[in-house]
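Structural description and commentary
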Amino acid sequence: MSNRSTSLLKHRKEKKLRRDKIRSYSGNLNCSKKQKMLYDELTGAIIFKNIQTISTIPPAEYIPTRNSDGHGVLVPIKRNRKILSKEKITESDTSVYNAISEEIYDDLMLKDLEELLLEDSDFVTDKTNTKNSFIPVQSYFPMEKYNPGLKSAKENIIKFLNAHDIYESLNMDYRRGILFYGEPGTGKSQFIYQLSQELIEDWQAIVIRIEDSTSLNSFYEYIMSNLSESYNRLKVIVIEELADLCSSSSNISVLLSLLDSLVLRDNVLFLLTTNHPGRIPANIVDRPSRLDLLCPINNKDFKSEFVDAWFEFCTGRKISEEEKDQSWYGETHGKLSPAYFKELFLYSQLHVVSIDESWILIKDRRNEIQSDFNNRNGVGF
């Protein structure tokens, strides 16, 4: 027998073993004869179909939606890059989750799972609602080292993750709600993205991203009750730009019902952001049982050493004393967001001009925006 034939035979045997394991595993998901949970490997979606538990959902980020049959669907967010920082946001005791998700989800097994699910004639999903609206940077810069608001959030989250026994001993719901608010481009979304990836990797978390009215209503109506059955899994509910959702009274009603829900009270961490805190209704923010911690993230609060560290991260080299002696260095601290600083540095590099020259162009742009776009409300985050 040739080497190629031997290799092919070995591959087929391995494939059969994986498929047998999947069939056995899928059978264990059934809560009754007709109740089951379906997994679409083509999209990675989880389809809830009259089931009573979701403890076997792979840890990942998901967008909530529903299919044409009215079943709740979690569509995973596919990231082109997922590069975690060497220095983690969380340094926590994950022993409470050590027994969770002992099944190994390798690529070959999931590929075979697709073929099995396609054999199920009842499996139908609507793939039109999938999206990847937030694309992270290639690597993470620890903004929380330089901003007190992010530092406070980090400390609070670490304490929450390690306080499971305390909540349990006090017979309290193990949940936390944190709102990040402040000027755009200050690192709120990147912080939450990095944190989400760590919680997925280390805590087997299920991360749900709610980014518009459709995903909000789909989650509340079709998926939330299923998630509540997964009491031993950390659920992270991320809501980006809360102010946009609050522009609709019907959305506000759903948000209040979600934050007050009696079926999603255990092992839940709500992470919300907004660039427009003034547009958030008082009955959402002024209630500790809904939002426990309010974290302001503003340009003026960044430490003085932030600019040097951010310059090195963006350009790959240390800032020179000559560059620090230029006028931009003293004029920009506390006035520019990290996003604007990044543009300042990169423009200088790309066009081979001094940072001072780049700063003049940035100022002209900001003046133009204030003059021509000042009356237009921001959309999104």
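Before any of the text, the structure's been laid out above.
So, a few notes on the structure that sits alongside this text. (Residues numbered from 1 in each chain as written. Predicted model: local features only at pLDDT ≥ 70, side-chain atom pairs only at ≥ 80, totals over all residues. Heavy atoms only, no water.)

1. What to know about the overall build of the chain
The condition is simple: A helix here means a DSSP run of H or I that spans at least four residues, while a strand means a run of E at least two residues long, and both kinds are numbered starting from the N terminus. Throughout this description, buried means an accessible area under 20% of the type-specific maximum (1.4 Å probe, protein chains only), exposed means over 50%, and partly exposed covers the range between. For this analysis, residues touch if any pair of their heavy atoms sits within 4.5 Å. Per-residue accessibility takes into account occlusion by the displayed protein chains alone, with areas from the Shrake-Rupley method and a 1.4 Å probe.
Looking only at helices and strands, the chain has 14 helices and nine strands in total. For the chain, with 381 residues in total, the buried portion stands at 47%. Within the chain, contacts between residues at least 6 apart in sequence are counted, and of these 76% link residues at least 24 apart. Of the roughly 19400 Å² that the chain leaves accessible, carbon and sulfur atoms contribute 49%.

2. Remarks on the packing of helix α6 (residues 213-228) against helix α8 (residues 249-260)
In a packed pair of helices, the relevant descriptors are the angle between the two axes and the axis-to-axis distance. The test is simple: Orientation is described by axes fitted as lines to C-alpha atoms, over the contacting stretch for helices, and by angles from 0 to 180 degrees between their N-to-C directions. Angle categories: roughly parallel below 35 degrees, roughly antiparallel above 145, roughly perpendicular from 65 to 115, and oblique for all the rest. When the near helix sits turned anticlockwise from the far one by under a right angle, the crossing is termed left-handed; a clockwise turn instead gives a right-handed crossing. The residue classification treats Ala, Val, Leu, Ile, Met, Phe, Trp, Tyr, Cys and Pro as nonpolar and Asp, Glu, Lys and Arg as charged. All others, Gly included, are polar.
At their nearest, the axes of α6 and α8 sit 10 Å apart, and the two run at 40° to each other. Considering their axes alone, α6 and α8 lie oblique with respect to each other. The way α6 lies across α8 gives a crossing that is left-handed. Residues Ser-213, Leu-216, Asn-217, Phe-219, Tyr-220 and Met-224 of α6 touch α8, and the partners they reach there are Asn-251, Val-254, Leu-255, Ser-257 and Leu-258. Considered class by class, the residues forming the contact of α6 with α8 number seven nonpolar, four polar and no charged.

3. Focus on the environment of Ser-327
By secondary structure assignment, the location of Ser-327 is in helix α12 (residues 327-332). Taking C-alpha positions, Ser-327 is 9.0 Å from Trp-359, a pair spaced 32 residues apart along the chain.

4. Remarks on the packing of aromatic side chains
Put simply, the test is: Here is the rule: rings of Phe, Tyr and Trp (six-membered ring for Trp) pair when centre to centre is within 6.5 Å. Planes less than 30 degrees apart are stacked, more than 60 are edge-to-face, and the remainder are tilted.
Using the criterion set out here, one finds 17 aromatic pairs in the structure. With a centroid separation of 6.0 Å and 20° between ring planes, the pair formed by Phe-306 and Trp-310 is classed as stacked. Of this pair, Phe-306 and Trp-310 are both found in helix α10 (residues 306-315), four residues apart, which corresponds to roughly one turn of the helix. An aromatic cluster of three or more residues is present, and its members are Phe-141, Tyr-146, Phe-302, Phe-306, Trp-310, Phe-311, Phe-313, Trp-328, Tyr-329, Phe-341 and Phe-345.

5. Some points on the pairing of strand β4 (residues 72-76)
The condition is simple: Any two strands between which DSSP finds at least two bridges are classified as paired.
In terms of residue burial, β4 counts as a mostly covered element, since five of its five residues are buried. Residues Gly-72, Leu-74 and Pro-76 point to one face of β4 and Val-73 and Val-75 to the other, with burial holding for every one of them. Where strand β3 (residues 60-66) and β4 come together, five bridges link them in antiparallel fashion. Of the residues in β4, the one forming a bridge with Tyr-62 is Pro-76.

6. Regarding the packing of α10 against helix α13 (residues 338-350)
Two elements in contact, α10 and α13, have axes separated by 10 Å at closest approach and are oriented at 50°. Compared by their axis directions, α10 and α13 come out oblique. Between α10 and α13 lies a crossing whose hand is right-handed. Taking contact as the criterion, the partners of Phe-306, Val-307, Trp-310, Phe-311, Cys-314 and Thr-315 in α10 are, on α13, Pro-338, Phe-341, Lys-342, Phe-345, Leu-346 and Gln-349. Residues of the contact of α10 with α13, tallied by class, amount to nine nonpolar, two polar and one charged.

7. Here we look at the pairing of strand β8 (residues 268-274)
Put simply, side chains in a regular strand alternate between the two faces of the sheet. Across the seven residues that make up β8, a large majority, seven, are buried. The two faces of β8 match: Val-268, Phe-270, Leu-272 and Thr-274 on one face and Leu-269, Leu-271 and Thr-273 on the other face are all buried. Looking at chain direction, strand β7 (residues 235-239) and β8 are connected through five bridges and run parallel. If you follow Ile-239 over to β8, its bridge partner there is Leu-272.

8. Points about the side chain of Glu-323
Using the following cut-off: Any pair of nitrogen or oxygen atoms within 3.5 Å is treated as a polar contact; in protein, a donor-acceptor pairing is required on top of that, and neighbouring residues in sequence qualify only through side-chain atoms on both sides.
Relative to the helices and strands, Glu-323 is located in helix α11 (residues 321-324). A polar side-chain atom of Glu-323 sits 3.0 Å from the main-chain amide nitrogen of Ser-320. Beyond its immediate sequence surroundings of up to four residues, Glu-323 is in contact with Phe-311, Arg-317, Trp-328, Tyr-329 and Ile-355.

9. Considerations on the nonpolar core
The condition that has to hold: Side-chain atoms within 4.5 Å are what join buried Ala, Val, Leu, Ile, Met, Phe, Trp, Tyr and Cys residues into a set we call a nonpolar core.
Judged by nonpolar contacts, the single largest core of 48 residues is most densely connected at Phe-180, Phe-191 and Phe-345. Residues in contact with Phe-191, not counting those within four places in the same chain, are Ile-89, Tyr-140, Glu-144, Leu-150, Ala-153, Lys-154, Ile-157 and Phe-180.

10. Structural notes on α6
For clarity, the cut-off: A helix is expected to reach a length of 1.5 Å times the quantity of its residues less one. Working definition for bend: take the seven residues up to and ending at a residue and the seven starting at it, fit an axis to each, and measure the angle between the axes.
Over its 16 residues, α6 extends 21 Å from the first C-alpha to the last, a length consistent with the 22 Å expected when each residue adds 1.5 Å. Along α6, the largest kink reaches about 50° and is centred on Tyr-222. Inspection of α6 places Ser-215, Leu-216, Ser-218, Phe-219, Ile-223, Met-224, Asn-226 and Leu-227 among the buried residues, and these make up the whole buried set. Measuring from the backbone nitrogen of Thr-214 back to the side-chain oxygen at the start of α6 gives 3.3 Å, which picks out Asp-212 as the cap.

11. Focus on α13
Between its terminal C-alpha atoms α13 stretches 18 Å, which fits the 18 Å expected from 13 residues at 1.5 Å a residue. Within the sequence span of α13, burial applies to Pro-338, Tyr-340, Phe-341, Leu-344, Phe-345 and Ser-348. If you follow the buried residues of α13, they end up packed against α10, α12 and α14 (355-372). Of the residues flanking the end of α13, it is Val-352, one or two places downstream, whose phi is positive at about 50°.

12. Looking at a nonpolar patch on the surface
As a reminder of what qualifies: Only residues whose relative accessible area exceeds 30% and that form no salt bridge are eligible for patches; like-charged ones are grouped when within 9 Å, while nonpolar side chains (Val, Leu, Ile, Met, Phe, Trp, Tyr) are grouped when within 5 Å. A side-chain nitrogen of Lys or Arg and a carboxyl oxygen of Asp or Glu constitute a salt bridge if their distance falls within 4 Å.
Nonpolar side chains collect at one region of the surface, where Ile-166, Leu-170 and Met-172 lie side by side and expose about 310 Å² of accessible area between them. Mapping Ile-166 onto the fold places it in helix α4 (residues 164-169).

13. Structural notes on the environment of Leu-161
Mapped onto the secondary structure, Leu-161 falls in helix α3 (residues 148-161). Judged by relative accessible area, which is 2%, Leu-161 ranks as buried. A C-alpha to C-alpha distance of 9.8 Å links Leu-161 and Leu-199, two positions 38 residues apart in sequence.

14. Quick word on the pattern of salt bridges
Throughout the structure, instances matching the rule amount to 14 salt bridges. With a closest N to O distance of 2.7 Å, Arg-290 and Asp-260 form a salt bridge. Of this pair, Arg-290 sits in the loop between α9 (282-285) and β9 (293-297) while Asp-260 is found in helix α8, placing the two residues 30 residues apart along the sequence. Residue Asp-260 is classed as partly exposed on the basis of its relative accessible area of 30%. Notably, a salt bridge pairs Lys-324 with Asp-308, separated by 3.1 Å at the nearest N-O pair. Of the two residues, Lys-324 sits in helix α11 while Asp-308 sits in helix α10, which places them 16 residues apart along the sequence. Judged by relative accessible area, which is 23%, Lys-324 ranks as partly exposed. Residues joined in a network through salt bridges with shared partners are Glu-61, Arg-209, Glu-211 and Glu-240.

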